[in-house]
Amino acid sequence: MKVNVKFGTAEKETSEITLLGIFEGAEKLTSIVASFDTALGGIISDILKRRDFKGKQNETLVFPTYGKIPTRRVMLVGLGKRELKARSGDVLLTNPALFLDKIRQASGVSAKRVQDMGLKSLISTLHEFDSYNRDVSVQSCAEAVVTGSILGAYQFTKYKTSEPEEIKKVENLTLIVSKKALLPQVQSGARSAEIISEAVCFVRDLGNMPACDTTPTFLANTAKQIAKESKLRCEILSKPQMKSLGMGGLLGTSQGSTQPPKFIIIEYNARDGRGGKANPIVLVGKGITFDSGGISIKPAKDMEKMKYDMAGAAAVLGTIKAIAVLKIPLDVVGLIPCTENLPSGGALKPGDVLRSITGKTIEIISTDAEGRVILADALGYAKRYKPQCVIDMATLTGACVVALGTVATGMFGNNEELKERVKKAGEASFERVWELPLWEEYDEQIKSDIADIKNVGGSWGGAITGACFLKKFVEDFPWVHLDIAGTAMAEKDSPYTPKGGTGVGVRLMVQLLRDWTPLPTRK
Ligand code: BES
Ligand code: MN
Ligand code: ZN
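Please read these numbers as outputs of a predicted model, since none were measured by experiment. (Residues numbered from 1 in each chain as written. Chains lettered and ligands numbered in written order. Predicted model: local features only at pLDDT ≥ 70, side-chain atom pairs only at ≥ 80, totals over all residues. Heavy atoms only, no water.)

Spatially, β14-β15-β19 is the arrangement adopted by the three strands of the open sheet, whose pairing is mixed. If you trace the sheet from one side to the other, it starts and ends with β14 (353-355) and β19 (453-454), each paired once. (Pairing = 2+ DSSP bridges. Helix = DSSP H or I, 4+ residues; strand = E, 2+ residues; numbered from the N terminus.)

Okay, here's the thing in structure tokens:
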């Protein structure tokens, strides 16, 4: 979807369809809607009066304009109740992040509807309101409109054999800006939304693709491609290199597969004259391109969903892709261990013991708890960067889905400031996280009789014992683990997230990194 921003008067623009935002139960139309209403001889106020359209969140109503104005159709888009609270004379939003998400949702639903109608282009005015205040800028509204539209219209058609022209696709989205002074802000919001949303769609594609194509080698080549586009350093460790580094976790997990494992290293350095590399932020992603469970094989039902077990890896790649284009002034390294987890005559067995890169030995109780085993090597490898902090993203445990469902990502960590920042970024991006504890008592569950640690705890608190396992491979750096098992894949459509891969993690990480300041050093 191509995004344009144009200064003009919306009701004088020619288009296939123009979107107008309506608040539920509002006494007054916003000035843009009022000008359309006047130009259309009062149709809109009439529709509202008759209650044919109420403005409920994500409600839509399309009607033709019969030549009264240059646009062929108008779509009224419900924005729900306008949550405004008067505070000391100012009009302030009670929850700006929620308000922005409502715009994102309404934009997603309406862009999808325009697409289903078979139209190729649309004009949106959903970013413009009469009163701005210090809580929500026109720039963030524009960003929400573009994000919602691109993500809501996302579809995965790579494996459909229908002719490209048979696939309905909105090609152009235009944001009309009524005041010249607002133009730069709208342009900037639209541009960053475009970059970030394209990265999210890229991550969705990687997840939705079948595991026969998204192999470790494919992910490695994809990383090289991203590096080439943005001139980043990228190194792919192959099996012999893993051996000499002592990456026993990744090697052991890959034993059952004929696909060679890959360890992706991708480095983005801020082009700010500092030369980069000092204390980077390290992002780690779980790259299991298919998780059958291995010898501890999973039940057949839903096993196909385990192609999404590389969602953490994809989110790291997507984040790096986005921040490189956004030119965020930071040094960020992506570390991605990739392998399939399959059974075979040579596969890893329950009871086997592996030696990780840190020297710690791991007793394998279940070959299905493989994510933590490959992440152990990546976390151990991260140490050599003297990282400012490390954040890992992994579809780690079914238990996390039991605990938090599909709305929140599970968060664990060893540093209050970092956790707080991730939580705030979650609220702002609406990719929300919820903290679970990492108390020492849980460590009991993963003590091994014969090795330093075992890879599975007891029946309860599985998301936590998974995180406790990872903690054992975290040296003295601030660290956050994000369990995205419940949030990486959607089983049903929602306003700007169609079912399938969600691309979760990219918007969260970009939000976190775009206003990053150095973490206070712990003493
Ligand atoms: N990839 C799975 C976790 C998962 C489950 C992700 C459902 C998305 C949806 C992970 O490798 C796994 O199999 N975990 C086991 C751990 C258990 C053996 C301790 C699980 O959650 O059952
Ligand atoms: Mn597994
Ligand atoms: Zn897994």
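From this point, the discussion proceeds with the structure in view.
Taken in spatial order, the six strands line up as β1-β8-β7-β2-β4-β3 in an open sheet, and their pairing is mixed. Two strands close off the open sheet at either side, each with one partner strand: β1 (2-7) and β3 (60-64). The average undirected angle you get between the axes of adjacent strands in this sheet is 25 degrees. In the packing of helix α3 (residues 96-116) onto the sheet, the strands contacted are β2 (18-24), β3, β4 (73-81) and β7 (121-124), and the crossing angle to β4 comes to about 150 degrees. Packed on one face of the sheet, helix α5 (residues 183-208) meets β1 and β8 (172-177) and runs near 175 degrees to β1. (Axes fitted to C-alpha atoms, helices over the stretch in contact; angles between N-to-C directions. Contact = heavy atoms within 4.5 Å.)

Between its first and last C-alpha atoms helix α10 (residues 371-382) spans 16 Å; for twelve residues at 1.5 Å apiece the expected length is 16 Å, and the two agree. Most of α10 sits inside the fold, with twelve of its twelve residues counted as buried. Taken as a whole, α10 has its buried residues at G371, R372, V373, I374, L375, A376, D377, A378, L379, G380, Y381 and A382. (Expected span 1.5 Å × (residues − 1). Buried < 20%, exposed > 50% of the residue type's maximum accessible area, 1.4 Å probe, protein only.)

For ligand 1, the set of nearby residues contains 15 residues, the closest of which are K298, D309, D368, E370 and G398. For ligand 1, an oxygen atom lies 3.2 Å from a polar atom in the side chain of K286. Interatomic distance of 2.8 Å between a side-chain N/O atom of D368 and an oxygen atom of ligand 1. Broken down by class, the residue content of the shell around ligand 1 amounts to four nonpolar, four polar and seven charged. (Near = heavy atom within 4 Å. Polar contact = N/O pair within 3.5 Å; in protein donor to acceptor, adjacent residues only side chain to side chain. Nonpolar A, V, L, I, M, F, W, Y, C, P; charged D, E, K, R; others polar.)

Glancing now at the coordination of the zinc ion (ligand 3). At 2.0 to 2.4 Å from the zinc ion (ligand 3) lie its protein donor atoms, namely K286 (NZ), D291 (OD), D309 (OD) and E370 (OE). Coordination geometry of the zinc ion (ligand 3): the six donor atoms subtend angles of 78 to 175 degrees at the metal centre, consistent with an arrangement described as octahedral. Within one chain, the residues serving as donors to the zinc ion (ligand 3) are arranged as K-x4-D-x17-D-x60-E. A gap of 3.2 Å separates the zinc ion (ligand 3) and the manganese ion (ligand 2), which D291 links by coordinating each metal. One end of the pair, D309, is in the loop between β12 (287-291) and α9 (311-326); the other, E370, is in the loop between β15 (361-363) and α10, with 61 residues separating them in the sequence. Note on accessibility: D309 and E370 belong to one class, buried. (Donors = N, O, S within 2.8 Å, 3.2 Å for Na, K, Ca; no water. Tetrahedral: all angles 85-135°; square planar, octahedral: opposite > 155°, others 65-115°.)

Attention now moves to the nonpolar core. Membership of the largest hydrophobic core comes to 94 residues, with the highest contact counts inside it found for I264, L317, V332, I391, V422, L482 and W516. The element that contributes the greatest number of residues to this core is α5, accounting for twelve residues. Composition of this core by domain shows at least three residues from each of domain 1 (2-179) and domain 2 (204-514). Ranked by size, the runner-up nonpolar core spans 47 residues in total, among them F263, I446, L470 and W479. (Core = buried A, V, L, I, M, F, W, Y, C linked by side-chain atoms within 4.5 Å. Domains from an automatic or database assignment.)

For the rest of this paragraph, the subject is the domain arrangement of the chain. Size of an interface, as often reported, equals the accessible area lost when the parts are brought together. Domain parsing of the chain yields domain 1 (2-179) and domain 2 (204-514). Here domain 1 and domain 2 have C-alpha centroids that lie 37 Å from each other. Contact residues are listed per partner, giving 17 residues for domain 1 and 15 residues for domain 2. Here domain 1 and domain 2 share six residue pairs in polar contact (both at pLDDT 80 or more) between them.

As a further point, take the pattern of salt bridges. Oppositely charged side chains may form a pair once their charged atoms are brought near each other. Scanning the model with the defined rule gives 30 salt bridges in all. For K298, the salt bridge goes to D291, with nearest N and O atoms at 3.9 Å. Three or more residues joined by partner-sharing salt bridges are found here, namely K301, D302, K305 and E491. (Salt bridge = Lys/Arg side-chain N within 4 Å of Asp/Glu carboxyl O.)

Before going further, it helps to examine unusual backbone geometry. Positioned with a positive phi, R51 is a non-glycine residue whose angle comes to about 60 degrees. Tracing the backbone through its elements, the reader meets R51 in the loop between α2 (43-49) and β3. Located in the positive-phi region is F430, a residue other than glycine, with phi close to 70 degrees. By the element assignment, F430 lies in the loop between α12 (416-429) and β18 (433-435).

It is worth spelling out the packing of α5 against helix α14 (residues 506-514) at this point. Taken N-terminus to C-terminus, the directions of α5 and α14 make an angle of 140 degrees; their axes are 9 Å apart at the nearest point. Judged on the interaxial angle alone, α14 and α5 are oblique. Taking contact as the criterion, the partners of S192, I196, A199, V200 and V203 in α5 are, on α14, V506, R507, V510 and R514. Each residue belonging to the contact of α5 with α14 can be placed in one class, and the counts come to six nonpolar, one polar and two charged. (Parallel < 35°, antiparallel > 145°, perpendicular 65-115°, else oblique.)

A separate point is the pairing of β12. Of all five residues that make up β12, five are buried, and the element is covered over most of its length. In this structure, β12 lies alongside strand β13 (residues 332-341), joined through four bridges in parallel fashion. Within β13, the residue paired with F290 across the bridge is E340.

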